[in-house]
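# Observations on chain architecture
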Amino acid sequence: MTIFNKVMKMDVPKYDGNIHPNEWINDIQKYLKLKKINDDDCLEIAISFVDPTITLSTEIDSFEKLCNALKEDISFTVFKNTNEKMLQSLKYIPENRGGNTSKFISKFRKLCYNAEINDIEEQKKYLYKSLPINHFDSLLVEFYKKMENVDSINKLIKEFEDFVAYESKLIISESIVALKHVATGNYLSSMENLRYETGIKSQLVFALGSPEPGPNSLWKIKFNNKELATYGNTHITLQHVKSNMFLGLNYGKHYYNTFGDYVYNHYEYFYHKSPTTNYTEVSCNNITNSDYWVKDWEFNYAKEGNHQDFLKSNDIVNFSIKKMHDNNGKYISTGQYEFLRSHDVQFTIGKNAFQEVVCHNEKLGENDKWCVELIKQYIWTLD
């Protein structure tokens, strides 16, 4: 049996223009070496496995000339252009949408190799365009700045990996979060149709002891006209997922009084007191039902220093809210800020005890720290 017939019985990779010539020649050389084919026969065998639609010169006497000939064929131009188009349309999908960063990076590098895009600046451009968050301008600008001094593909991939790891922790508007009270380890919670027995008798808010946040401890966080929240200049709302009620302060109590056959409205203007310590009561309400419902919160980093970053998972923050009315029901733009607090103080409703959550205007302390835990990140639009 001739050498050629022996090779024909082997599973030799053929060249048809759908693989980079460098890669194919490298593969077939390794293959023939593994099969212990004589060096003098290797080139002839390799040429025999080139698709007959690709015309080769009879003067090819080395693998280098074979590679150059394959690259000069129109099939290689089509191959490169196809891979570049695929690179242009490549989009990174994060793990929370079923993506796989490792597979994405492997595909990105392979497309760059096949399209012979070796210039690092060109690679930066394509990687940058693959991010499906074109509307997060400030975030993308920051990423681009980090890439400016990158001078190799390995460094570029490292910066990208760091970026997507950072992004996965960001709290995006309409994400689901849990707020863990740092001092006691309990979660900010509410319970549908369970109300205070004091104050305006709104849906109560409390801190629930649990190793993991349950359904009553989940909140949808929303930012006013933003998708990412920056420290110091973002107002947020917290909507209790299970009841759809919003966290806030209720100001005023509305009565319907009667005098004979006449029914008239009566209002009392004050912020209600918490059940045990007489701080300001924090409750959940439907914002469409009250003109005196304060629901817009602000947050600041609980540690010292001027923190300029975006809000992200496991940040420890202080929440504050501004009282917008005085005791006569008059709107005041310079209202007093109060801070969200819990402490190891309980109140009872029936036979059940609940850890109190309040607002106050005292000096900040350990009881005012909350850890923001990301439960489910709001999904990007991939356009």
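Per an unreviewed UniProt entry, the protein chain carries the name MIR domain-containing protein and comes from Rhizophagus clarus.

Before going further, it helps to spend a moment on the packing of aromatic side chains. According to the stated counting rule, one finds 12 aromatic pairs in the structure shown. Their ring planes at 70 degrees and their centres at 5.2 Å tell us that Tyr92 and Phe104 sit as a pair that is edge-to-face. Of this pair, Tyr92 sits in the loop between α5 (74–89) and α6 (101–114) while Phe104 is found in helix α6, placing the two residues 12 residues apart along the sequence. Relative accessible area serves as the criterion here: at 2%, Tyr92 is assigned to the buried category.

A few words on the nonpolar core. If you look at the biggest cluster of nonpolar residues, it comprises 41 residues, and the most contacted ones within it are Leu188, Leu311, Phe319 and Leu340. Take this core: its biggest share by element is 4 residues, from strand β3 (residues 203–208). Leaving out residues up to four positions away in the same chain, Leu340 has contacts with Leu188, Val282, Trp297, Phe319, Val357, Val358, Cys359, Asn367, Asp368 and Trp370. With 28 residues, the next largest nonpolar core counts Leu87, Ile105, Ile157 and Phe310 among its residues.

Given a rise of 1.5 Å per residue, 15 residues ought to cover 21 Å, and the 21 Å separating the end C-alpha atoms of helix α9 (residues 153–167) matches this to within 8%. Taken together, the buried positions of α9 are occupied by Leu156, Ile157, Phe160, Phe163, Val164 and Glu167. With its buried residues spanning 125 degrees around the axis, α9 presents them on a single face.

Right, let's get into the pattern of salt bridges. Within this structure, the stated rule accounts for 15 salt bridges. Close ionic contact of Lys369 with Glu366 constitutes a salt bridge, the shortest N to O distance being 2.9 Å. Residues participating in the shared-partner salt-bridge network are Lys71, Lys80 and Glu116.

Let's shift gears to the environment of Gly232. If you trace the backbone, Gly232 turns up in the loop between β4 (219–223) and β5 (236–240). With 67 residues separating them in the primary sequence, Gly232 and Phe299 have C-alpha atoms 6.7 Å apart. Discounting residues that sit within four places of it in the chain, Gly232 has contacts with Phe299 and Asn300.

Moving on to the pairing of β3. With respect to burial, β3 is a largely interior element, 5 of its 6 residues being buried. Inspection of the sheet shows strand β2 (residues 187–195) paired to β3 by 5 bridges, in the antiparallel sense. Counterpart to Leu188 in the pairing with β3 is Ala207. Bridge count for β3 against strand β9 (residues 283–285) is 2 bridges, and the pairing is antiparallel. Looking at β9, one finds that Gln203 is bridged to Cys284. Looking at chain direction, β3 and strand β14 (residues 352–360) are connected through 2 bridges and run antiparallel. Pairing of Ala207 across the sheet is with Gln355, part of β14.

In this structure, Glu174 takes a positive phi of about 80 degrees despite not being glycine. Residue placement: Glu174 occurs in the loop between α9 and β1 (175–181). Looking at Glu174, the relative accessible area reads 35%, which means it is partly exposed. The residue Asn314 is not glycine, and still its phi comes out positive at about 75 degrees. Mapped onto the secondary structure, Asn314 falls in the loop between β11 (297–301) and β12 (316–322). The exposure class assigned to Asn314 is exposed, which follows from its relative accessible area of 52%.

Calculation rules
- Counting from 1, residues in each chain are numbered in the order their sequence is written.
- Local features in this predicted model are restricted to residues of pLDDT 70 or higher, and side-chain atom pairs are both shown and tallied only at a pLDDT of 80 or more, whereas totals for entire chains, interfaces and linings draw on every residue.
- In computing side-chain properties, one takes all heavy atoms of the structure into account and sets aside hydrogens as well as water.
- Two rings from Phe, Tyr or Trp (for Trp, the six-membered ring) form a pair when their centres sit within 6.5 Å of each other. Planes less than 30 degrees apart are called stacked, planes more than 60 degrees apart edge-to-face, and all others tilted.
- By the criteria applied, helices consist of DSSP H or I runs no shorter than four residues and strands consist of E runs no shorter than two, each listed in order from the N terminus.
- Here the term buried applies to any residue with accessible area under 20% of the maximum for its type, exposed to any over 50%, and partly exposed to those in between, with areas from a 1.4 Å probe on protein chains only.
- Nine residue types can take part in a nonpolar core, namely buried Ala, Val, Leu, Ile, Met, Phe, Trp, Tyr and Cys, and a core is a set of them joined through side-chain atoms within 4.5 Å.
- Whether two residues are in contact is decided by their heavy atoms: any pair within 4.5 Å suffices.
- Take the number of residues in a helix, subtract one, and multiply by 1.5 Å to get its expected span.
- The arc under discussion is defined with respect to the helix axis, by the directions toward the C-beta atoms.
- Salt bridges are defined by distance alone: a side-chain nitrogen of Lys or Arg within 4 Å of a carboxyl oxygen of Asp or Glu.
- Two strands form a pair only when DSSP identifies at least two bridges running between them.

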